[in-house]
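Overview (structure and organization)
These are the residues of each chain, in order.
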Amino acid sequence: MHLTARVRPATLWRPNIVGLHRQRLCKVPLALSPSCWVRSSRPRYVEERLRRFEELKEAQEAVLRERAASASRPIAVTLAGGKSVVGQSWRTSPYQISRELGRLDGTLVARVNGQLWDLHRPLEGDTELELLAFGHTDAKAVYWQSSAHVLGAAMEQLYGGLLCSGPCTEHGFYHDMYLEGRPIPSGDYTELARVCRSMMEGKLPFERVEVSREDLLELFKYNKFKLRLIEDKLKSPTATVYRCGSLVDLCRGPHIAHTGLINALRIVKSAGVHWGGDPDKEPLHRIHAVSFPDNEALEEWDRRQEELKNRDHRKIGKEQELFFFHEMSPGSCFFLPKGAHIYNTLTDFLKEEYRKRGFVEVVTPNLYNSKLWEQSGHWDHYSENMFSFKLDNETYALKPMNCPGHCLMYDYRPRSWRELPLRLADFGVLHRNEYSGGLSGLVRSRRFQQDDAHIFCTLEQIEAEIMGCLDFLRAVYQIFGFSFRLFLSTRPEKFLGEVGVWDRAEQQLERSLQEFGQPWEKNPGDGAFYGPKIDVQIQDALGRSHQCATVQLDFQLPARFNLTYSGRDGNSRERPVMIHRAILGSVERMMAILAENCAGKWPFWLSPSQVHVIPLGASTEEYAQQVYRDLHEAGFMVDVNMDAGQSLGRKIRQAQRAQYNFILVTGERERDSGCVSVRARDNRQHGTRGLAETVRRLGELKASRCRNAEEAF
């Protein structure tokens, strides 16, 4: 159910005199302010929350005025491209610079010294400044996060429940609300869309205030869910809250300048979820939406949604009889013969590459004692996502990842520097206890396999091994036709290990990326707590980004398992570095991405329906069977249509709809000359070819993993 916001007075609302007065004080346009129209059941805490926010904002503004008066100094602001301008600390904002440069149109948010920054927030010192528009991934995330606040404010005003989380996602945003068992009146969100539109037309500013933990607890004392977030997630003494209209919410920000920048908003769907994804916790109502700067972008989004429906891997899997799911094993896929062919072809491809690149394949257990996960550190943070049970008074769990098992494999005997780098590859089955509401076909399942590998090497070998990993992923993605982006994620605030070791490792990763020659971006502070990493995002035919490959350095697991090797002097015991590496990621997820990327028109080398043989009549059926046998023995996925009741044209159309890459027709002339008539699924005709020649040519196309075999034949 899609619903677009429209401007029209809401019929369930009445004027709120207190709200009108407050809007005059806050200089918000009166006629369009959402707090001017409220349900008679408006939550009582809203006015108290607004009053307290205004007090906190006034105190912060006084501090900023004092800093601007006493601590302001000239600062250098360097723009992308190298241009530099002069500003004043605690006075000059990215908005002012954008206005002076004539770049206000389209600019949504700034990046200041690598950190996303509100446009109206004053700069504090010398700055490297980027001005980001909606086309930038980070700006789009900010735009949708701001839109989620609009949606949350409208939900709070209309339904009167407790707001929970309201994040942006890869495809839009959503907001969760707790209604204490009350259902939302109906699935018709016309009224909600109208309230959102009222806020958008109101050009309500997003106002940022940094507050103490104590003030947060007071500000959100009415909402047990916000209090939980503060207690569980907030580790610093202060945090930021933002006001938009009547809503004040805990959020790290930044946000767009005002709601008038949201020109098109669509409510997409709703769903029932539970707090934290735990079915034992409170039930919540989740509303999904999407927004854009203009109606043309929304219309393009509509077209893309229709295309996505047709390309959905679950639809393709059913139509082509590739796989299915069953309630007897929820979240675990049943691969039918054709689906298993794709699955095995992908893993065989990786295994072939492993042999070329010095990896050795290993097989490790599925079941481990929980003591292993305690030693690795996973148990404290991940046990709720693991399938565990009691056996002989001990707790065991199915493995959700391979790395601890590979540490045991490394450590089963003493190691020497001569053995390094040691590259272990593992296609072992993994299980993760994903909550039911999060399951999504092959994209998110409970049982899956990864093209998982771990490299044990010396600190000096990191650079060469990273180069090898990058070359590996480029070779694989070129076969699939994917472009990709690279991101270097560096040391976070909370990390384990020595700063010097981190710095050296980051420098090696950076040198590897520079030598690799592919453009890359830095994500400061976004590394894992155990080491820096390179994240890789591929882009499919629809322009969607997918996180699949990763290259992560790990200094901690080798220390936790006390892994060592004998140094070159023969006496010292030194610690190896561990590199976590995946290219496909989950084989299941990659299969889903590939299915949607090619819309079920699988490339010939990977296709579960490579060749379809059609006899022209009863007199050529025996020859058609011979053609089928020759192709089958040569290793092709081939079928033959022996239905005498169908016309040739109908058989060809059926084969094309079933996405057979090649269709071989055998008539009497072909039979007598030992030939076949070759055509492709796109109606491309290649004429009559000898059977042996055809089998040989198809074999060449398959071995080369040609993406356009139908044309290249």
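The present account deals with the structure reproduced in this document. Within every chain, residues take consecutive numbers counted from 1 along the sequence as written. Local features in a predicted model are, by the rule used here, given only for residues with pLDDT of at least 70; side-chain atom pairs are given and counted only at 80 or more, and totals for whole chains, interfaces and linings are based on all residues. Excluding hydrogens and water, the side-chain figures rest on all heavy atoms present in the structure.

So, on to helix 15 (residues 499-516). For the purposes of this entry, the term helix denotes a DSSP run of H or I that reaches at least four residues, the term strand denotes a run of E that reaches at least two, and both are numbered from the N terminus. In this analysis, the expected span of each helix is defined as 1.5 Å times one less than the number of residues it contains. For helix 15, built from 18 residues, the straight-helix expectation of 26 Å at 1.5 Å per residue is met to within 8% by its first-to-last C-alpha distance of 26 Å. Listed as buried for helix 15 are W502, A505, E506, Q508, L509, S512, L513 and F516. Down the axis of helix 15, the sector holding all buried residues measures 160°, keeping them to one side. Turned more than 90 degrees away from the buried face of helix 15 sit Q514 and E515, all of them exposed. Looking at the buried side of helix 15, the elements it contacts are helix 14 (462-480), strand 27 (483-489), strand 28 (520-523), strand 29 (533-539) and strand 30 (545-554). One or two steps after helix 15, the chain reaches G517, where phi turns positive at roughly 90°. Type-normalised accessible area, obtained with a 1.4 Å probe on protein chains alone, sets the label of each residue: buried when under 20%, exposed when over 50%, and partly exposed for intermediate values. This arc corresponds to the set of directions leading from the helix axis out to the C-beta atoms. Two residues form a contact once any of their heavy atoms are found within 4.5 Å.

Looking now at the nonpolar core. Throughout, nonpolar core names a set of buried Ala, Val, Leu, Ile, Met, Phe, Trp, Tyr and Cys residues whose side chains join them through atoms within 4.5 Å. Of all hydrophobic cores here, the largest spans 60 residues; its most connected members are L346, I466, Y477, F480, I534 and W602. Of all the elements, helix 14 adds the most residues to this core, at ten residues. Excluding anything up to four places from it in sequence, Y477 contacts F482, F484, V536, I538, C548, A549, I583 and M590. Ranked by size, the runner-up nonpolar core spans 45 residues in total, among them Y143, A148, M155 and V195.

Let us now look at the sheet that holds strand 19 (residues 360-361). By the convention used here, strands pair only if DSSP detects at least 2 bridges between them. Taken in spatial order, the eight strands line up as 19-23-26-33-30-29-27-28 in an open sheet, and their pairing is mixed. Pairing within the sheet leaves two strands with one partner each, and these edge strands are strand 19 and strand 28. Pairing of strand 30 with strand 33 (residues 577-582) involves five bridges; the strand directions are antiparallel. Residue pairing across strands places Q552 opposite H580, the latter belonging to strand 33. Structural elements are reduced to axes, namely lines fitted to C-alpha atoms, with helices fitted over the stretch in contact, and the angle between N-to-C directions of any two is expressed from 0 to 180 degrees. Sitting on the sheet, helix 13 (residues 403-410) touches strand 23 (422-426), strand 26 (452-457) and strand 33, and the angle it makes with strand 26 is about 40°.

Geometric values such as these leave the question of function open.
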